[in-house]
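The lines below spell out each chain.
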Amino acid sequence: MTDEPKPKLSRRNAIATVLSGLTLLGYVTYLLYSNFQAAAGLQDLLRDKVHQETERRASALEYFFGERRDDLQNLALAPPVFVYFDNRAKGISITEKADKRFLKVAFQGLIERKQLDGTPIYRRIVLIDADGETVADTSGDAEGPDATQFKGFLDPHQRKGGILTQDGGHSLLISIAYYLKDQYAGQILAWLNPKDLYRAMLTNGDTTDAFASLLVSATAAGLEPVGGEPSPLLADLRIPPGPPTRGAIRYTANLPDGPVPMFASVSPVEDTPLHLVETAPLSEVEGKIQPWQQMLGMGVLAALVLAGVVMVFRLNLHAAALEAHLNESARREREVQEKNCALEAEIAERLRAEEALVKGEREFRAIANYTYDWENWTDPQGRPLWVNPAVERLTGYTVEECMRMPDYPLPMVHPEDRPTLRQALENCGISRGHDLEFRLVHKHGQVLWAALSWQPIYDTDGTCLGQRSSIRDVSEARRDPRPGAALPHPGGRGQHHPPEGRPGHAEPARLPSRCGQQRPGGPQRPLHHALRPGADGRADA
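Residues numbered from 1 in each chain as written. Predicted model: local features only at pLDDT ≥ 70, side-chain atom pairs only at ≥ 80, totals over all residues. Heavy atoms only, no water.

S.K.: Is there a simple way to explain the environment of Q37 in this structure?
M.R.: For Q37, the position within the fold is in helix α1 (residues 5-76). Residues Q37 and W292, spaced 255 residues apart in sequence, show a C-alpha to C-alpha distance of 9.6 Å. (Helix = DSSP H or I, 4+ residues; strand = E, 2+ residues; numbered from the N terminus.)

If you want it as structure tokens, here you go:
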């Protein structure tokens, strides 16, 4: 009978294995499809990222060329240009040479002011009149044999400035028409350095040469690169003339090593006839493995792994159960060890806390009990909580007698001074004062003068813990040299602030009228701060 459950257990394991395999197969299929979509989406994301970078650089170029048009517009409004054409229109020729010098100085000043990474933006600025004759040229003498070489640049329609290319894209210049009193008077031409433009704005500093940024002009014969030699990467790329072309283009470049699939991101530079083209091998953008190839390879690998998992599953079933038992035992043992360590740490912490408490109490008593002046701490009801041994030196009463004394400390005060002292100390929590003088009656009958300083004590949460007072002997200061002279009335010395202007009362602080409430405003002093020793060896009041 003990062998009957075994076949049933084996069937259950087989069913569980099949279900687990089917579940794993479905999950792997889902992962393969998800990975395929993720790879395709990543390719789209990379293409969009490259195109966005192209758009960003094209916008920067648009802003750069816009600034250059503004430079020429401002130059056209400069006084030297107006003076020259105005004098010429009026037939004043005596100042012509001086006017041309001023024009050249103004042009040279613009070249020196406008720089890009320490290099002048403009290589040359020329002013020609409406007949195409050179008026001013920063690169040489305008009277030379090439004085009419710029006649082809005359264009009265370029009132806001235009971007032109010259010599098959090797030169890049800005041209703006100049008008004097609504009459076309000439043209201002300014040449840029394309190499400096590439260096400052189209080189991203990447360590790879996979991506190439080119500024091109679309012509019927193809793309004409600006400021460089024709690139074999652009020979097979076509941008139709007409409206600006924008977007990502796949094409094949026929290179000497063979055809290479290429990716091109094209973005027009607005308000110019130029396009910014960034090219790269398609494998650098989309990867060397296409998503469907990747999915096929992962499918084969997943099938092999799944087969191995099914084979290993049953072999490791019993081993897994045994390992689970071992892990549970190890876990319980770790829990016991952790609890033991926590208990040992708690015991050690309590021992350290007890040692610190004993040490703090010993240090407190060493400081408080050996203070020279008579120190007191009374609760909010006026009952003594602590008195230092200095009371016996001043009054003859021991600490034990003081702790048992009713209405402490008034029985040791001269009867005539008791009302004053009672009134000063009765307002616990709101009364404080300094050096209130009164007479003490020694246990053996002697009378001596003492000075009282007092203030309330608060806990860290602002609760009133009572009152602390300090009494010192001032008999030497009060002793009258005349024999038989009467003792002065108390209150002759000392600083105590009476509430509402009445003499003999301590000043009420801005606190609640009864103890046990929190002290409003400001940080509260902890109890150990209230009884800490001062710099003179006496407890601070």
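After presenting the structure, the write-up continues.
S.K.: Looking at this model, I keep getting lost on the sheet that holds strand β7 (residues 183-192). Mind explaining?
M.R.: Strands in a sheet are paired, the pairing made by backbone hydrogen bonds, and the direction either parallel or antiparallel. Spatial ordering of the open sheet is given by β4-β3-β7-β6-β5, a layout of 5 strands whose pairing is antiparallel. Lying at the two open borders of the sheet, with one neighbouring strand each, are β4 (134-137) and β5 (162-166). Pairs of neighbouring strands in the sheet enclose a mean axial angle of 25 degrees, with direction left out of account. Alignment of strand β3 (residues 122-129) against β4, held across 3 bridges, turns out to be antiparallel. (Pairing = 2+ DSSP bridges. Axes fitted to C-alpha atoms, helices over the stretch in contact; angles between N-to-C directions.)

S.K.: What is the right way to read unusual backbone geometry from this model?
M.R.: Backbone geometry follows two general trends: most residues other than glycine have a negative phi, and most peptide bonds adopt the trans configuration. A cis geometry characterises the amide bond from Y408 onward to P409, with omega recorded as 0 degrees. Tracing the backbone through its elements, the reader meets P409 in the loop between α9 (399-404) and α10 (418-425). Backbone geometry places D271, a non-glycine residue, at a positive phi of 65 degrees. Inspection of the secondary structure puts D271 in the loop between β11 (258-268) and β12 (274-281). Note on D271: relative accessible area 59%, which makes it exposed. (Buried < 20%, exposed > 50% of the residue type's maximum accessible area, 1.4 Å probe, protein only.)

S.K.: What am I meant to see in the layout of surface pockets here?
M.R.: Which parts of space are left empty comes out when a probe the size of a water molecule is rolled across the atoms. Counted as a void, the second largest pocket has a volume near 310 Å³. As for the second largest pocket, its lining consists of 18 residues, of which T378, G382, Y408, L425 and E426 are closest to the centre. Taken together, the elements giving at least two residues each to the lining of the second largest pocket come down to β13 (374-378), α10 and β17 (464-473). Top contributing element to the lining of the second largest pocket by residue count: β17, with 3 residues. Class assignment for the residues of the lining of the second largest pocket results in 8 nonpolar, 6 polar and 4 charged. (1 Å grid on protein atoms, 1.4 Å probe; cavity = no way out; pocket = protein on both sides within 12 Å on 5 of 7 lines; lining within 4 Å. Points joined across faces, edges and corners; volume = space filled by probe spheres on them. Nonpolar A, V, L, I, M, F, W, Y, C, P; charged D, E, K, R; others polar.)

S.K.: Would you take a moment to explain the packing of helix α2 (residues 79-89) against helix α3 (residues 96-113) for this structure?
M.R.: A pair of packed helices is captured by two measures, namely the crossing angle of their axes and the spacing between those axes. Where α2 meets α3, the axes come as close as 9 Å, and the angle between the chain directions of the two elements is 155 degrees. Viewed along their axes, α2 and α3 adopt a mutual orientation that is roughly antiparallel. Considering only the axes of α2 and α3, their crossing is left-handed. Across from P80, V81, V83, Y84 and N87 in α2, the residues of α3 making contact are E96, D99, K100, F102, L103, A106 and F107. Along the lines of polarity and charge, the residues of the contact of α2 with α3 split into 8 nonpolar, 1 polar and 3 charged. (Parallel < 35°, antiparallel > 145°, perpendicular 65-115°, else oblique. Left-handed = near helix turned anticlockwise from the far one by under 90°. Contact = heavy atoms within 4.5 Å.)

S.K.: Just to check I follow, could you spell out the confidence of the model for the chain for this structure?
M.R.: Should pLDDT be low for a region, the predicted coordinates there are not to be read in detail. Per-chain confidence: the chain averages 77 in pLDDT, with 78% of residues scoring 70 or above. Of all the helices and strands in the chain, strand β19 (residues 507-508) carries the lowest mean pLDDT, 37, while α9 carries the highest, 93. This stretch, residues 1-9, has a pLDDT under 50; its non-local contacts, to residues over four places away or in other chains, come to 0 contacts. Overall, residues 482-541 carries pLDDT values under 50, and its contacts beyond four positions in sequence, including any with other chains, amount to 129 contacts. (pLDDT = per-residue confidence, 0-100.)

S.K.: So what exactly am I meant to see when it comes to the pairing of β13 here?
M.R.: Each regular strand displays side chains that alternate between the two surfaces of the sheet. Along β13, 5 of the 5 residues are buried, which leaves the element largely enclosed by surrounding structure. Burial along β13 is two-sided: W374, N376 and T378 facing one way and E375 and W377 facing the other are all buried. As judged from the 5 bridges shared by β13 and β17, these two strands associate in the antiparallel manner. In the strand pairing of β17, N376 is matched with S469. As paired elements, β13 and strand β14 (residues 384-387) share 3 bridges and run antiparallel to each other. Residue pairing for β14: N376 is matched across the bridge by V387. Where β13 folds back on β14, the antiparallel hairpin that results is connected by 5 residues, among which G382 adopts a positive phi of roughly 90 degrees.

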